[in-house]
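Coordinate analysis (summary)
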Amino acid sequence: MTKALLIIGCSQRKVSTHPSQTLYAMYRYDGPTYRCLRKLYREGRFPDNLDVLIISARYGLLQWREPILNYEQKMTAARADELRPFVQERLKEIVTVQQYDQVFINLGKRYMRTLADFHWGNLISTMEASGGIGQKTQQMKVWLEQIYGR
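This report concerns the structure included in the present document. (Residues numbered from 1 in each chain as written. Predicted model: local features only at pLDDT ≥ 70, side-chain atom pairs only at ≥ 80, totals over all residues. Heavy atoms only, no water.)

**Observations regarding the sheet that holds strand β4 (residues 60-63)**
Strand pairs in the sheet, formed through backbone hydrogen bonds, run parallel or antiparallel to each other. Taken together, 5 strands build an open sheet; the order of strands is β4-β3-β1-β6-β7 and the sheet is mixed. In the strand order of this sheet, the two ends are held by β4 and β7 (125-128), each with one partner. Between one strand axis and the next, the sheet turns through 20 degrees on average, direction left out of account. Note that strand β3 (residues 50-56) and β4 share 4 bridges and pair antiparallel. Among the inter-strand pairings, Leu 53 is bridged to a residue of β4, identified as Gln 63. Packed on one face of the sheet, helix α2 (residues 32-42) meets β1 (4-9), β3 and β6 (102-106) and runs near 145 degrees to β1. Contacting β1, β3 and β4, helix α3 (residues 77-98) crosses the sheet at an angle of about 35 degrees to β4. (Pairing = 2+ DSSP bridges. Helix = DSSP H or I, 4+ residues; strand = E, 2+ residues; numbered from the N terminus. Axes fitted to C-alpha atoms, helices over the stretch in contact; angles between N-to-C directions. Contact = heavy atoms within 4.5 Å.)

This is the structure we're talking about:
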């Protein structure tokens, strides 16, 4: 069985809670990408061989089941450049341990800056979503269905 990784960006739309209450990142963020992922999860069509990482303007690189507080922080070019070494260091550790076969990246331009010049290694196949958010979400969904179907 192949091991796959999905990398997505946080979303501006979030589920609000009491300031001291945490939610798993997968439930805190509420943009189209997250709605699509939660729907697949609820329907039992979420691949067992898939890990999801989130690049957050506030937290850097997150596991999608990592508890986080509500926040408001936009990803600027300067913030992406500031986060890049930390995101890449953590990502390198995860990729080295998990040994993924495939990576699908669904990020906006500013979030992609955090991955600039990252070296995946020769054995990892990487794909990057393109177009607008709806197109990227659809491409991600097709990829997830292919992963699930294996």
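**Quick look at the layout of surface pockets**
When its volume is computed, the largest pocket comes out at roughly 630 Å³. For the lining of the largest pocket, the secondary structure elements donating two or more residues are α2, α4 (109-112) and α5 (133-149). Residue composition of the lining of the largest pocket, by class: 7 nonpolar, 11 polar and 7 charged. If you add up the space inside the second largest pocket, you get close to 160 Å³. Lining the second largest pocket are Tyr 41, Phe 46, Pro 47, Asp 48, Leu 50, Asp 51, Val 52, Gln 63, Trp 64 and Arg 65. Among the elements that take part in the lining of the second largest pocket, β3 stands out by supplying 3 residues, more than any other. (1 Å grid on protein atoms, 1.4 Å probe; cavity = no way out; pocket = protein on both sides within 12 Å on 5 of 7 lines; lining within 4 Å. Points joined across faces, edges and corners; volume = space filled by probe spheres on them. Nonpolar A, V, L, I, M, F, W, Y, C, P; charged D, E, K, R; others polar.)

**Side note on the environment of Glu 82**
Assignment of secondary structure puts Glu 82 in helix α3. Sequence separation of Glu 82 and Val 95 is 13 residues, and the distance between their C-alpha atoms is 21 Å.

**So, the pairing of β1**
With 6 of its 6 residues buried, β1 lies for the most part within the structure. Going residue by residue along β1, you find Ala 4, Leu 6 and Ile 8 tucked away on one face and Leu 5, Ile 7 and Gly 9 tucked away on the opposite face as well. As judged from the 6 bridges shared by β1 and β3, these two strands associate in the parallel manner. Across the sheet, Ile 7 pairs through a bridge with Leu 53, a residue of β3. In the sheet, β1 pairs with β6 via 5 bridges, with the strands oriented parallel. (Buried < 20%, exposed > 50% of the residue type's maximum accessible area, 1.4 Å probe, protein only.)

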